[in-house]
Amino acid sequence: MGETPRLVATDIDGTLLTDERTISPRTRDALARMSARGTPVVLVTGRPIRWLQLVYDQLAEPLPAICANGAVVYDPVADEVIRADPLAPELLAEVARRLRAEVPGVSFAVEIVDSREMRHEAGYPLRWDADAEAIRAITSPEELHSVPAVKLLARAGEQDPDVFLEVVAGALRGLAEATHSSYTGLVEISAAGVTKAAGLAWYCARLGIDERDVLAFGDMPNDVPMLTWAGRGVAVANAHPAVLAIADEVTAANTSDGVAAYLEKVFGVG
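None of these values were measured; they are calculated from a predicted model. (Residues numbered from 1 in each chain as written. Predicted model: local features only at pLDDT ≥ 70, side-chain atom pairs only at ≥ 80, totals over all residues. Heavy atoms only, no water.)

## Some remarks on the nonpolar core
Alright, step 1. Among the nonpolar cores identified, the biggest contains 60 residues, and Leu 43, Val 95, Leu 99, Ile 189 and Leu 263 are the most heavily contacted of them.
Alright, step 2. Excluding anything up to four places from it in sequence, Val 95 contacts Leu 152, Leu 172, Leu 175, Ala 176 and Ile 189.
Alright, step 3. If you look at the next biggest cluster of nonpolar residues, it comprises 22 residues, including Ile 66, Leu 200, Met 226 and Ala 247. (Core = buried A, V, L, I, M, F, W, Y, C linked by side-chain atoms within 4.5 Å. Buried < 20%, exposed > 50% of the residue type's maximum accessible area, 1.4 Å probe, protein only. Contact = heavy atoms within 4.5 Å.)

Have a look at this one:
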């Protein structure tokens, strides 16, 4: 990477947001200054589209977003999905079959309609979602895989997330991608080859930007592909050990405006 990146990509939760899910004025202004200098800024997140408004309400302008761990590329100005790479129904069925056989008590939810809606099994615990229009329980096991889904979510009670991920990834090796971005035993499953890196690579190719000219920030295992792909991968200090191990650099924690601190120090946007 040269002195200034041609594109800045950042994760949201645990990286850009504080632990109270807020974006500080300092961080908002640093991103706005990068954009004003002509450097595109893109959000790369495990979040579904329906969870982005909380973020956009705190930014100077809505930023393009790569959602669902790379499966959805979203233009917030046009409110348009410009690319989606979902799990096909037959693949969803096979993934669910394998995991039911491997993991006692596993329960599922699917992000559908490009992550604007969710369907979940009755036993799947909802921790944040409360949108009665977009979220509802399925009425039969077959409904779980009746339509394509940009992400399958799997839980089996409280689990060590790293251990649970190993079990799920082992069961799905060669079939689908498995990762995690929480400490509550949630595993997120995408179609084979779908990662934050793949979604970001597609977006950058569209803009004619080489990976060597991309600066990326992240904190959790689902960020590892993106941080290793980008020309410069920066972890926040609160990052998961797997992220700290592969990062090119480490900045301050999310609670100390780590992304803004890095942009101010390295690129003088303070």
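## Digging into empty space enclosed by the protein
Alright, step 1. Applying the stated criterion across every chain yields a total of one cavity of 30 Å³ or more.
Alright, step 2. Considered as a void within the structure, the largest cavity measures approximately 60 Å³ in volume.
Alright, step 3. Arg 28, Leu 31, Ala 32, Ser 35, Leu 59, Ala 60, Glu 61 and Leu 63 are the residues that line the largest cavity. (1 Å grid on protein atoms, 1.4 Å probe; cavity = no way out; pocket = protein on both sides within 12 Å on 5 of 7 lines; lining within 4 Å. Points joined across faces, edges and corners; volume = space filled by probe spheres on them.)

## Quick look at the pairing of strand β13 (residues 232-236)
Alright, step 1. For β13, a buried count of five out of five residues is recorded, marking the element as mostly surrounded by other parts of the structure.
Alright, step 2. Side chains of β13 alternate between two faces, with Arg 232, Val 234 and Val 236 and Gly 233 and Ala 235 buried alike.
Alright, step 3. Here strand β12 (residues 214-218) pairs with β13 via four bridges, running parallel. Note on β13: the bridge partner recorded for Leu 215 is Arg 232.
Alright, step 4. With helix α6 (residues 224-229) bridging β12 and its parallel neighbour β13, the resulting β-α-β unit is right-handed.
Alright, step 5. Relative to strand β14 (residues 249-251), β13 is paired through three bridges, and the arrangement is parallel. In the strand pairing of β14, Val 234 is matched with Glu 249.
Alright, step 6. With helix α7 (residues 241-246) bridging β13 and the parallel β14, this β-α-β connection has right-handed handedness. (Helix = DSSP H or I, 4+ residues; strand = E, 2+ residues; numbered from the N terminus. Pairing = 2+ DSSP bridges. Right-handed = clockwise from strand over helix to strand, strands pointing away.)

## As for the side chain of Asp 219
Alright, step 1. When you line up the elements, Asp 219 lands in the loop between β12 and α6.
Alright, step 2. One buried charged residue, Asp 219, remains without a salt bridge, the closest side chain of opposite sign being Lys 196 at 6.3 Å.
Alright, step 3. Only 3.1 Å separates the side chain of Asp 219 from the side chain of Thr 15, close enough to count as a polar contact. (Lys, Arg positive; Asp, Glu negative; His and termini not counted. Salt bridge = Lys/Arg side-chain N within 4 Å of Asp/Glu carboxyl O. Polar contact = N/O pair within 3.5 Å; in protein donor to acceptor, adjacent residues only side chain to side chain.)

## A word on the side chain of Glu 188
Alright, step 1. Mapped onto the secondary structure, Glu 188 falls in strand β11 (residues 187-191).
Alright, step 2. Residue class for Glu 188 comes out buried when judged on its relative accessible area of 2%.
Alright, step 3. Here the side chain of Glu 188 touches Ser 181 through a polar contact of 2.5 Å, side chain to side chain.
Alright, step 4. Apart from residues no more than four positions distant in its own chain, Glu 188 is found in contact with Gly 46, Asn 69, Lys 151, Leu 152, Leu 153, Glu 177, Ala 178, Thr 179, His 180, Ser 181 and Asn 222.

## Quick look at helix α4 (residues 161-172)
Alright, step 1. For α4, spanning 12 residues, the distance from its first C-alpha to its last is 16 Å, which sits close to the expected 16 Å at 1.5 Å a residue.
Alright, step 2. If you check which residues of α4 are buried, you get Pro 161, Phe 164, Leu 165, Val 168, Ala 171 and Leu 172. For α4, the buried positions fall inside an angular range of 130 degrees around the axis, keeping them on one side.
Alright, step 3. Buried-residue contacts for α4 involve α3 (89-102), β9 (151-155), β10 (176-179) and β11. (Expected span 1.5 Å × (residues − 1). Arc of directions from axis to C-beta.)

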